[in-house]
Amino acid sequence: LRARVHMTFSPRRSATFCCLLLSALMLAGAVWPQAPAKPTPAASKLWSVQPVRQPRVPVTKNTTWTKNAIDSFLLNKMERAGVRPSGPADRRTLIRRATYDLTGLPPTPEEIDAFVTDKSPGAFERVVDRLLASQHYGEQYGRRWMDVVRYADTAGENTDHPLPHAWRYRNWVISAFNQNKPYNEFLKEQIAGDLIAAQGPSEKYAGRVTATGYLAIARRFGHDIDQDMHLTLEDTIDTVGKSMLGLSIGCARCHDHKYDPITAKDYYGLYGIFSSTKFSYPGCEPKQQPKDLVPLVSQAVRATNDKILQEKLAVLDSQVSGITGTLPEESRRLQSRSQRAAVVLAEGDIADGSGKDISAGQKLPLDRVAVRKGDVLLLSISPKANHGADTTLVEWGISEVGGQGRTWSISDLVHELAAGNPHADRYGNRAAWCFLDSHDGYAFMSDKHLFIDGQRSLSSWQAGDTPSVLVNSSDMPVRAWTTLPARSFFMHPGPKGPVALAWLCPIDGEVGLVGRIADAHPGGDGVGWSIQRLSSPTAGASLSQEFAALGAKSVDLQRVQATKNELIRLAAVQVAFAVAEAEPKNARLHERGDPTALGEEVPRKFLAVLGDQRLKAPKSSGRLELADWIANPTNPLTARVFVNRVWQWHFGRGLVKTPNDFGTRGAAPTHPELLDYLADRFVRSGWNMKALHRLIMLSAAYQSSSLRATAQRTPNAVDHVDRTDTYTLFQRRRLTAEELRDSLLAVSGELDQTPGEAHPFPPESGWSFTQHAPFAAEYETNKRSVYLMQKRNRRARFFALFDGADPNSSTPLREITTVPTQALYFMNDPFVHSCAEKFAQRIREGARTTPEHISVAYRQALGRKPSSVEMQEAQTFIRNYTAGLNQVAPEQNEQSAMAAFARLLLCGNEFLYVD
């Protein structure tokens, strides 16, 4: 009854469900077992746990077909089954097959032409080497490994919290494949990279710590994930067992495994290792912020760097003290002097939710305000009883009456607010606008903030949290603490008094003032506002110059503070979503899997059937020893499981058709000698992954045709033999979801081939996800699909539709479905139409006439020239399609017809399948 009801129900409902199910079964006559099932003697003789042999390469009758030992093993079975192998694939098919296989991208027409015309020995071998050296190889096989280890960028509990640092593990996997990291090291670093990193060298420290993201990305469960950590550890053990050993170890959580030689003690021996490990905490509904992220430099390096940082900060702090020591008194004196001759031009109150034109509060005519060069016009927003919801929309324009007719408007600041405080105007005046905290003097706000609430269009100058001036530079309203209108300027007073915007007058004459003040955040008690003209009380003195001088000191302060912030930023220790050591301790059995019903203590250990090794260093978690046990060359499962995966990734099905299950309920190998030959050779090669790819791809079997007509039966063929098990021909396959998307972007010319990094998640400090409002963002990008954000609880529609991997559990083999909605997607989806439009533009840029357009389209999409029949049909289609369009804009009609033709090519089987 070990159904994973916890994935669907709460623990209380899970228990109720199990009780009801048990009652129903017992009423139906089911017998309750009196004791846990024991592994049968047959299970201990399981083929997969027997030592790997070194089989001899068989001698075959047909030596002309074979290219290497792989072919001899395969041909030996073919001859016994009475079937003949298929002939070789044509060169265009072969390079397309190999390029998709190793990179997940289509070959370019130039690459196809080069291979087709290269008749020299070793031409295909050079193609394989070129593809293995491509960065796209790691992206393709990194994605395949991430299927197996259920990689995701979210945690999976009821709010599906984001994992902002998980991308480091994703990129580490890609890099490991590209660097051809030995597979045994690849595994060991994922289990115990932090412990290996501590042994040095320092340049490998960050990568090895990051590798343990393999463990850290285990799924979280429930509302408060700390309460269900036993389920996360089960997910970890289950994934380690399936991905590295091909065994369903998680089945032993509640009792001894029913079929395989794995006991509950084996399970809790591993459980103790992982419960002695500290997993990075992703956050959940009751405790939102992440914690226990693992630094990517050692403690010793951090201590040295921190000492250097503190010495540099001390120098800068001294400079800050020198500037700030006099600023408060100077700002108070400036306010006192300027207010002696202040004239109120307009003032008023804005009630909650309302707005007024400034002319409604004018005390003097605003269309002609006399000013002198050096005067200051000051717009102030003051709080009433409560300043909390006082975000105020401000529109203010100043125009010169006569003279040069110059204009100044705060709308000019919307797209460049962060440029400075003081802020220049369009006429070259370096100090034209000043953003001030005016509750006690005229203090320039020096805290600059960008990307507020994760919104790129929001920026501000602040003094603490408030007062502040803020802009939304977007062409669209933005939802933050309230909805902020597009292309707008806002002011927010502080708890102690007003926020002010000063305009330093550069002219003698008259100006006209227009504007509007409005409440932008209903729910408060409104604000007060005023516009004053400030003039120097002393003839000949310039108040603007005093503001500018005070602003210059503020700029110096901002510069020093920016230097400090940059030093702190650069010195900030980068972290990974990884694991570290916790208090080492053995686990106790959970009776029937219930973590509240504890049984006997179980020493931390490995599986009994694979050696039953106990820890030699009980004061550690045991992960390093576990890594050594798994990656030991004598472990009969590790190499077998991986070479079977690689075989499956190349041929579409493994020598063992159940790649995650090498147990008694899994399939037996179709070619056991070949499996052992590959496993033995793999280990002897130094666990060289690229060498394994090369060996498989240089076989005649891999290079065989997928056309069934060429695979012939001999007169004495055995009728009951499954032809797919003999590898008489290569199996056609549909492109994976990632390959489909990447290919559409590639032919359209829109694919961004630069590696992806972090996703633009909202700042962690503002997280407030709930079960009813979980994280559900989508981040569009033209990068390769491996770099797209993967959510656990709400998979992207495209990947769900085209059989992408389930990030909630290990996906050893993607099931392929063929459903009407897939065809409808290619007919109607905006993404496909956009790619077709871009593809059509490329086609038309590369040729002049319609026949040339068609030829270019076939070469780019399918890697070949169209046949005469295809050329005629394509021309007829384009001609008829164009005739049915509005003839007012011939150029647009031609583009539309070519885009329609492009869609036809992109939704055809020849584009969507690999032979």
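These numbers come from a predicted model, not from an experiment. (Residues numbered from 1 in each chain as written. Predicted model: local features only at pLDDT ≥ 70, side-chain atom pairs only at ≥ 80, totals over all residues. Heavy atoms only, no water.)

**Student:** Run through the overall build of the protein, naming residues and quoting values.
**Tutor:** Along its length, the protein carries 29 helices and 25 strands. By principal-axis analysis of the C-alpha atoms, the protein measures approximately 115 × 80 × 60 Å. Per-residue burial for the protein yields a buried fraction of 52% across its 915 residues. Taking the intrachain contacts of the protein between residues at least 6 apart in sequence as the baseline, contacts between residues at least 24 apart amount to 71%. (Helix = DSSP H or I, 4+ residues; strand = E, 2+ residues; numbered from the N terminus. Buried < 20%, exposed > 50% of the residue type's maximum accessible area, 1.4 Å probe, protein only. Contact = heavy atoms within 4.5 Å.)

**Student:** If you had to explain the nonpolar core to someone new, which residues and values would you point to?
**Tutor:** Counting residues in each nonpolar core, the largest one holds 113 residues, and the members touching the most others are Trp-145, Leu-245, Trp-647 and Leu-678. Phe-798, Val-832, Leu-862 and Phe-901 belong to the second largest nonpolar core, which has 40 residues in total. (Core = buried A, V, L, I, M, F, W, Y, C linked by side-chain atoms within 4.5 Å.)

**Student:** Tell me about the pattern of salt bridges, and name the residues and values.
**Tutor:** All chains considered together, the criterion is met by 52 salt bridges. Across the pair Lys-564 and Asp-317 runs a salt bridge whose closest N-O atoms are separated by 2.7 Å. Of this pair, Lys-564 sits in helix α16 (residues 543–571) while Asp-317 sits in helix α14 (residues 299–324), and the two are 247 residues apart along the sequence. Note on Lys-564: relative accessible area 21%, which makes it partly exposed. One salt-bridge network, held together by shared partners, links Arg-92, Arg-864, Glu-870 and Glu-910. (Salt bridge = Lys/Arg side-chain N within 4 Å of Asp/Glu carboxyl O.)

**Student:** Give me helix α19 (residues 672–684): which residues, what numbers.
**Tutor:** Counted at 1.5 Å a residue, the expected span for α19 with its 13 residues is 18 Å, and the 18 Å between its end C-alpha atoms agrees. Every buried residue of α19 is listed here: Leu-674, Leu-675, Asp-676, Tyr-677, Leu-678, Ala-679, Asp-680 and Phe-682. A positive phi of about 85° marks Gly-686, the residue just after α19. (Expected span 1.5 Å × (residues − 1).)

**Student:** Just give me the short version of helix α24 (residues 820–828), but keep the residues and values in it.
**Tutor:** Those residues of α24 lying buried are Gln-822, Tyr-825 and Phe-826. The buried residues of α24 occupy an angular sector of 90° when the element is viewed end-on, so they sit on one face. Residues of α24 that are exposed and angled more than 90 degrees away from the buried face: Pro-820, Met-827 and Asn-828. On the buried face of α24, the contacting elements are β24 (733–734), α22 (737–748), α23 (797–801), α25 (830–845), α28 (890–906) and α29 (909–912). (Arc of directions from axis to C-beta.)

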